[in-house]
Amino acid sequence: MLKKPGLLLIQLGSPREPTPAAVKEFLIEFLTDSRVIDMPYLPRQLLVRGIIAPSRCRSGAAAYKKIWTAEGSPLVVNTLEFANKVKKELSSRFDVRLAFRYGSPNIASQINDWDINELFVVPLYPQYALSSTQSAIDAVHAALNGRGIKLNILMDFFNEAEFIHSQSQLIRRVADEFMPDHYLLSFHGLPVNQVQRLHPTRCLIKPGCCEKVGDRNRWCYRAQCMATARALKSALDISAENLTVSFQSRLGRKPWIEPYTDKVLGTLIEDGVRRLLVSCPSFVVDCLETLEEIQIRLRDQFIKMGGADLRLVPALNAEDIWIQDFCQMVTRHNLKWRSE
């Protein structure tokens, strides 16, 4: 009997519960990943285990408590629902499994007992980054451990038509009800040095270098984000004056890619923006960074500065339109998989 190929969906992960102990455990697993904090092993372990995790676990737990649901972590709940729907839709084509890069079930546990000859891997991050996509790919390689399984990886889908269609339709749905006077696309931020590592002599060097994605900056995270923004602007028919792009969630003192989400609010207020619609197109499921950082903290900041209201567009989560578009995307004959 011919075996169906495997389709492995990978998402970041979440603490198992909103407590300081669980958040500390999660932060240690997450931040000691060399792809996330690029430092030699010993200093990285000392920094994370001795300073970051102990100092941030209580505030992190408090933040998670604000968004935790009766079913559990929004990221886990939404991703499980998404994966179950995809599995149902693609059952005739793939054996579908879900893994989390940090937490459970992890990548190794999902791959170790999988009786397949070919594996298709989709890290659920639209834009490629070393700290997310590549970390997941590294874990897949480690789990396969030379088993001879043919491997196909979807490295990114930042401008794939199906992703842009679902994202734009969701934004339009909320905008038609909210009637914003400005749109903000807030992407996950990354340290400048991590972005430049892939194109050290070309990336973030000249003004306008992120205006298009080509061979010279193919793996530039910021350029991919800007490409997503341009595609959404076109799909939604928004004027340049009514759309701002920014980057959120910076950590530490090193420079991160700009402009910063919390810093653009002042300019928007000065320009007369009072009803701000925010979408976060680097997250396909809602999580701490969308629900707590944007929907709660950024909204409070905007209103205190004089804004009337700020509305977060929900992530794609397990929306039916995204299930249809995602399944169409991964089965499209000309989708660019990296085969290894």
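Described in the following lines is the structure provided in the data block. From a predicted model like this one, the values you see are computed outputs, not experimental measurements. (Residues numbered from 1 in each chain as written. Predicted model: local features only at pLDDT ≥ 70, side-chain atom pairs only at ≥ 80, totals over all residues. Heavy atoms only, no water.)

So, about the packing of aromatic side chains. Counted according to the given criterion, the structure contains 14 aromatic pairs. Aromatic side chains Tyr 64 and Trp 68 sit 6.0 Å apart centroid to centroid with 80° between the ring planes, which places their arrangement in the edge-to-face category. Ring centres of Trp 322 and Phe 326 lie 5.5 Å apart, and the angle between their planes is 65°; on these two criteria the pair is classed as edge-to-face. Of this pair, Trp 322 and Phe 326 both sit in helix α12 (residues 320–331), 4 residues apart, roughly one helical turn. Take Trp 322 and Phe 326: they sit in the same class, and that class is buried. Taken together, the aromatic side chains of Phe 82, Phe 157, Phe 163, Trp 322 and Phe 326 make up a single cluster linked through ring pairs. When the ring centre of Trp 219 is taken as reference, the NZ or CZ atom of Arg 218 above it lies at 4.2 Å. Sitting above the plane of the Tyr 260 ring, Arg 250 keeps its charged end 4.0 Å from the centroid. (Phe/Tyr/Trp six-rings, centres within 6.5 Å; stacked < 30°, edge-to-face > 60°. Helix = DSSP H or I, 4+ residues; strand = E, 2+ residues; numbered from the N terminus. Buried < 20%, exposed > 50% of the residue type's maximum accessible area, 1.4 Å probe, protein only. Lys NZ or Arg CZ within 6 Å of the ring centre and 35° of its normal.)

Another point: α12. The terminal C-alpha atoms of α12 lie 17 Å apart, and with 12 residues this matches the ideal 16 Å at 1.5 Å per residue to within 8%. Restricting attention to buried positions, one finds in α12 the residues Trp 322, Ile 323, Asp 325, Phe 326, Cys 327, Met 329 and Val 330. Along its buried surface, α12 packs onto β1 (6–11), α3 (74–89), β3 (118–123) and α6 (161–178). (Expected span 1.5 Å × (residues − 1). Contact = heavy atoms within 4.5 Å.)

What follows covers the sheet that holds strand β9 (residues 338–339). Read across the sheet, 5 strands follow the order β2-β1-β3-β4-β9 without closing on themselves; strand pairing throughout is mixed. Either end of the sheet is taken by a strand with one partner, and the two such strands are β2 (95–100) and β9. Here α3 sits on the sheet in contact with β1 and β2, set at roughly 170° to β2. (Pairing = 2+ DSSP bridges. Axes fitted to C-alpha atoms, helices over the stretch in contact; angles between N-to-C directions.)

Residues Tyr 41, Leu 42 and Leu 46 make up a contiguous nonpolar surface patch of about 370 Å² in total accessible area. One can find Tyr 41 in helix α2 (residues 41–67). (Patch = residues over 30% accessible without salt bridge, like charges linked within 9 Å, V, L, I, M, F, W, Y side chains within 5 Å. Areas by Shrake-Rupley, 256 points an atom, 1.4 Å probe, with all protein chains shown as cover. Salt bridge = Lys/Arg side-chain N within 4 Å of Asp/Glu carboxyl O.)

This part is about the layout of surface pockets. In this approach, a probe sized like a water molecule rolls over the atoms, and the result shows the empty space that is left. There is about 300 Å³ of room inside the second largest pocket. Lining the second largest pocket are 15 residues, and of these Asp 156, Phe 158, Glu 160, Arg 218 and Lys 336 lie nearest its centre. In terms of residue class, the lining of the second largest pocket is made up of 7 nonpolar, 2 polar and 6 charged. (1 Å grid on protein atoms, 1.4 Å probe; cavity = no way out; pocket = protein on both sides within 12 Å on 5 of 7 lines; lining within 4 Å. Points joined across faces, edges and corners; volume = space filled by probe spheres on them. Nonpolar A, V, L, I, M, F, W, Y, C, P; charged D, E, K, R; others polar.)

A word on the environment of Gln 110. Position of Gln 110 among the secondary structure elements: in helix α4 (residues 107–111). Overall, the relative accessible area of 17% leaves Gln 110 in the buried class. Put simply, Gln 110 and Leu 98 are 12 residues apart on the chain and 7.5 Å apart in space, counted from C-alpha to C-alpha. Look past the residues within four positions of Gln 110 in its chain and what remains in contact with it is Leu 8, Arg 97, Leu 98, Ala 99 and Pro 105.

A few words now on empty space enclosed by the protein. By the definition in use, this model includes 1 cavity of 30 Å³ or more. Lining the largest cavity are Tyr 128, Ala 129, Leu 130, Leu 190, Gln 194, Val 195, Leu 198, Trp 219, Cys 220 and Tyr 221. Taken together, the residues of the lining of the largest cavity sort by class into 9 nonpolar, 1 polar and no charged.

Examined against the element boundaries, Asn 217 turns out to sit in the loop between α7 (192–196) and α8 (221–236). On the basis of relative accessible area, Asn 217 is assigned to the buried category, the value being 10%. Within polar-contact distance, the side chain of Asn 217 engages the backbone oxygen of Lys 212 at 2.9 Å. Setting aside residues up to four positions removed in sequence, Asn 217 forms contacts with His 199, Cys 209, Lys 212 and Ala 223. (Polar contact = N/O pair within 3.5 Å; in protein donor to acceptor, adjacent residues only side chain to side chain.)

All right, on to the pairing of strand β5 (residues 182–188) then. In terms of residue burial, β5 counts as a mostly covered element, since 6 of its 7 residues are buried. With 4 bridges connecting them, β5 and strand β7 (residues 275–279) associate as parallel partners. Bridge pairing links Tyr 183 to Leu 277 in β7. The pairing of β5 with strand β6 (residues 243–248) spans 6 bridges and is classified as parallel. Each residue of the ladder has a partner; that of Leu 184, found in β6, is Thr 244.

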